[in-house]
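# Results of the structural survey
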Amino acid sequence: MDDDTLPTVLADQPAIELAAPDGARARVLLHGAQVVSWRPAGGTERLYLSPRAEAGAGRAVRGGVPVIFPQFGASGPLPRHGFARDRAWVRVATEVGRDDALAVLRLADDERTRVLWPHRFAAELTVRVGGARLDVELAVENTGDDAVAFTAALHSYLRVADLDAARLQGLQRLRRRDQVRGTEQIEGNDALRIDGEVDRVYFDAARALQLQDALGSLRIGAEGFRDVVVWNPGPIQSASLADLPPDGFRHFICVEAAAVGTPVRLEPGAEWVGRQSLVDEGLEARRD
Ligand code: TA6
């Protein structure tokens, strides 16, 4: 969405509006602790949010940065992509600093989550916006007495102005699993371009990526997440998703910081932190 309005069905959702002193802004729903809008200072909207997005119990919002925890995809017994993205998180703190604004939201186990996933945990999501940058950080603490293992991702829908011309740099020569074809191979030497359905896990991708698009290049960094998932439904899948317009696939590429190949294992009392950073490089250069 390139204007300030949310899709109607989201307009009544409790949300945190972050506004840094320099004009950078973000909107975070309590539902799923989901960032649904990010505008860097002096820039335009950089996240895609489906105009047909819906929220509510058991519904994940199509767009922004869905928080995937404690299970990525259908890689275990839980509902697809786990339950964190369709639960109500609690606002813990909001702060405005000299050159940024941040929000902290929290989700802990309850009797409903323990039915699905019999473990104690405390998750916190921190969203920080300022200048040309958005940082989204997921921290998970094992508050139980048993070791726990989980997979997770920040499933970011990055807006593109021209899908055919968009290029994702930085995945060259990485080992990847193609979720559509069920094959594994080594990525080639060229930047990734989207042509039809793409659903790939890139393993051990600990390096900065760059999304090149008419909106201006976006640097994509991550810490704590070892893998990257790239997804675009293509025209056929896009038409089958009720919460996505038939041409919705043309307006985003999901580039997801992910812990998929090797589940995160936490001993009692231990904590894990994963972060994804997005930087509008054109705006960053103008600020330097
Ligand atoms: O991250 C890629 C993926 O796992 C794809 O397989 C596709 O299903 C996408 O997530 C969206 O999943 P969702 O449950 O949000 O429709």
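Here the structure is shown first, and the text comes after it.
Worth saying up front: this structure is predicted, and the values here are computed from it rather than measured.

Definitions and limits used
Residues numbered from 1 in each chain as written. Predicted model: local features only at pLDDT ≥ 70, side-chain atom pairs only at ≥ 80, totals over all residues. Heavy atoms only, no water. Near = heavy atom within 4 Å. Polar contact = N/O pair within 3.5 Å; in protein donor to acceptor, adjacent residues only side chain to side chain. Nonpolar A, V, L, I, M, F, W, Y, C, P; charged D, E, K, R; others polar. Core = buried A, V, L, I, M, F, W, Y, C linked by side-chain atoms within 4.5 Å. Buried < 20%, exposed > 50% of the residue type's maximum accessible area, 1.4 Å probe, protein only. Helix = DSSP H or I, 4+ residues; strand = E, 2+ residues; numbered from the N terminus. Contact = heavy atoms within 4.5 Å. Pairing = 2+ DSSP bridges. Axes fitted to C-alpha atoms, helices over the stretch in contact; angles between N-to-C directions. Phe/Tyr/Trp six-rings, centres within 6.5 Å; stacked < 30°, edge-to-face > 60°.

### With respect to the site of the ligand
Around the ligand sit Arg62, Phe72, Arg80, His81, Arg85, His155, Asp199, Val229, Trp231 and Glu256, and those are all the residues in its vicinity. His81 is positioned with one of its side-chain polar atoms (N or O) 3.0 Å from an oxygen atom of the ligand. Arg85 places a polar side-chain atom, nitrogen or oxygen, 2.8 Å from an oxygen atom of the ligand. Split into classes, the residues belonging to the shell around the ligand amount to 3 nonpolar, 2 polar and 5 charged.

### Describing the nonpolar core
Generally speaking, nonpolar side chains in soluble globular proteins are found buried as a group. Trp89 and Val230 are the most contacted members of the largest nonpolar core, which totals 65 residues. If one sorts the elements of this core by residue count, strand E18 (residues 252-266) sits on top with 6 residues. With near-sequence residues (within four places) excluded, Val230 lies in contact with Leu168, Leu171, Leu192, Ile194, Val198, Asp199, Arg200, Tyr202, Ile253 and Cys254. Within the second largest apolar cluster, 8 residues are counted, among which are Ile68, Phe203, Val229 and Ala258.

### Concerning the sheet that holds strand E1 (residues 15-19)
If you walk across this open sheet you meet the 3 strands as E1-E2-E3, and the pairing is antiparallel. Sheet topology places E1 and strand E3 (34-39) at the edges, where each strand pairs with a single neighbour. Across the sheet, the mean angle from the axis of one strand to that of its neighbour is 15 degrees, orientation sign disregarded. Sheet analysis places E1 next to strand E2 (residues 25-29), joined by 5 bridges and oriented antiparallel. Bridging from a neighbouring strand, Ile16 pairs with Val28 of E2.

### Quick notes on the environment of Arg193
Here Arg193 is to be found in the loop between strand E13 (183-186) and strand E14 (198-202). Through-space distance from the C-alpha of Arg193 to that of Gly216 is 16 Å; in sequence the pair is 23 residues apart.

### Overview of the packing of aromatic side chains
Going through the model one piece at a time under the given rule, you end up with 13 aromatic pairs. Judged by centre distance (5.1 Å) and plane angle (80 degrees), the rings of Phe225 and Trp272 are edge-to-face. Placement of Phe225 in the loop between strand E16 (218-223) and strand E17 (227-232) and of Trp272 in strand E19 (residues 271-280) is noted, with a sequence separation of 47 residues between them. Like Phe225, the residue Trp272 is buried in the burial classification. Among the aromatic residues, those joined into a ring-pair cluster are Phe69, Phe83, Trp117, Phe121, Phe150, Phe225 and Trp272.

### A closer look at unusual backbone geometry
Across the junction of Phe69 and Pro70, the peptide omega takes the value 0 degrees, indicating a cis bond. At Ala33, a position not held by glycine, the phi torsion is positive, near 50 degrees. Position of Ala33 among the secondary structure elements: in the loop between E2 and E3. Even without being glycine, Arg173 reaches a positive phi, approximately 70 degrees.

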